[in-house]
Amino acid sequence: MDIRMNSLVNAIQYYCEQHSGQPDEVLYELERETGLKTLAPQMISGHLQGQLLQLLSQIARPRHILEVGTFTGYATICLARGLAEGGRMDTIEVNAELAYIIRKYLKKAGLKDRVQLHIGDALEIIPRLPGNFDLIFLDAGKQHYQAYYDLLIDRMPSGGLLLADNVLWSGKVLHEKQDADTATLHQFNEMIQADERVDKLMLPLRDGLYVIRKK
């Protein structure tokens, strides 16, 4: 049963990918280089999630985007493509060894002048960034999601979007016995569900994407 279910899930994923917008050459090259040069290439947003992020950004037309957790920059490029004219994006990555890949592909995508890369601890960097954020993407250390949210919720305008990735944590949030990271993510999910300041929708896309809109 599990084998048949996995086969069905993979077939549905493939069908969805074939009937969605396709990654361009820059994103294709970036995904390939990520697979060749990083230890955890599965962390990349990839085709379907990347297309969703780009579409949400294009709909929202944000003037200021914040991304917490750049990895190699796939989601960064997708989100930045929806920026309003004159808009800008800040993205934060803790791993300095990834900076050369990020900057390489931001340049290839024609976005190096619109996206500012910050290397370091997001909890230290976020308070130093000026202004409010129309669109926020959380995809860094899951144990800090609550802290990021607390830092950022009051810096979002009404109608602003916050997207939190990996909120299903490979389905482990369903287990009664949870490790520390899973328990922390579950607590974050419960907190969002109870927060009356926001509208929310959890999507079972890849590892779970929480779409949160400030009222």
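Residues numbered from 1 in each chain as written. Predicted model: local features only at pLDDT ≥ 70, side-chain atom pairs only at ≥ 80, totals over all residues. Heavy atoms only, no water.

Attention shifts here to the overall build of the protein chain. Across its full length, the protein chain carries eight helices and seven strands. Taking 2.2 N^0.38 as the reference for a compact globule, 215 residues should give roughly 17 Å; the C-alpha atoms of the protein chain span a radius of gyration of 17 Å, in line with that estimate. With respect to the three principal axes, the spread of C-alpha positions in the protein chain is 50 × 40 × 30 Å. The 215 residues of the protein chain split such that 46% are buried. Pairs at least 24 apart in sequence give 68% of the contacts found in the protein chain among residues at least 6 apart. Only carbon and sulfur atoms are counted for the fraction: they give 53% of the accessible area of the protein chain, which is about 11400 Å². Taking the average location of the 24 positive side-chain charges in the protein chain and that of its 28 negative ones, the two points are 5 Å from each other. (Helix = DSSP H or I, 4+ residues; strand = E, 2+ residues; numbered from the N terminus. Rg over C-alpha atoms; globule rule 2.2 N^0.38 Å. Buried < 20%, exposed > 50% of the residue type's maximum accessible area, 1.4 Å probe, protein only. Contact = heavy atoms within 4.5 Å. Areas by Shrake-Rupley, 256 points an atom, 1.4 Å probe, with all protein chains shown as cover. Lys, Arg positive; Asp, Glu negative; His and termini not counted. Charge placed at Lys NZ, Arg CZ, Asp CG, Glu CD.)

One pass over the full model with this rule turns up nine salt bridges. Arg-81 is paired through a salt bridge with Asp-24; the nearest N and O atoms lie 2.6 Å apart. Within this pair, whereas Arg-81 is found in the loop between helix H4 (74-80) and strand S2 (88-93), its partner Asp-24 is found in the loop between helix H1 (2-18) and helix H2 (25-37), the two being separated by 57 residues in sequence. The exposure class assigned to Asp-24 is partly exposed, which follows from its relative accessible area of 31%. Among the ionic pairs, Asp-179 bridges to Lys-172, the shortest N-O distance being 3.7 Å. Judged by relative accessible area, which is 38%, Asp-179 ranks as partly exposed. One network of salt bridges, with partners in common, ties together Glu-33, Lys-37 and Lys-104. (Salt bridge = Lys/Arg side-chain N within 4 Å of Asp/Glu carboxyl O.)

Here the structure, examined in full by the defined rule, presents one cavity of 30 Å³ or more. Contributing to the lining of the largest cavity are Met-43, Ile-44, Ser-45, Glu-67, Gly-69, Thr-70, Phe-71, Thr-72, Gly-73, Tyr-74, Ala-75 and Asp-139. Taken together, the residues of the lining of the largest cavity break down into five nonpolar, five polar and two charged. (1 Å grid on protein atoms, 1.4 Å probe; cavity = no way out; pocket = protein on both sides within 12 Å on 5 of 7 lines; lining within 4 Å. Points joined across faces, edges and corners; volume = space filled by probe spheres on them. Nonpolar A, V, L, I, M, F, W, Y, C, P; charged D, E, K, R; others polar.)

Across all of its chains, the model carries two aromatic pairs by this definition. Seen from their ring centres, Tyr-149 and Phe-188 are 6.2 Å apart, and the 85° between their planes marks the pair as edge-to-face. Within this pair, whereas Tyr-149 is found in helix H7 (residues 145-152), its partner Phe-188 is found in helix H8 (residues 180-194), the two being separated by 39 residues in sequence. Here the two residues Tyr-149 and Phe-188 agree in accessibility, since each one is buried. Among the aromatic residues, those joined into a cluster by ring pairs are Tyr-145, Tyr-149 and Phe-188. (Phe/Tyr/Trp six-rings, centres within 6.5 Å; stacked < 30°, edge-to-face > 60°.)

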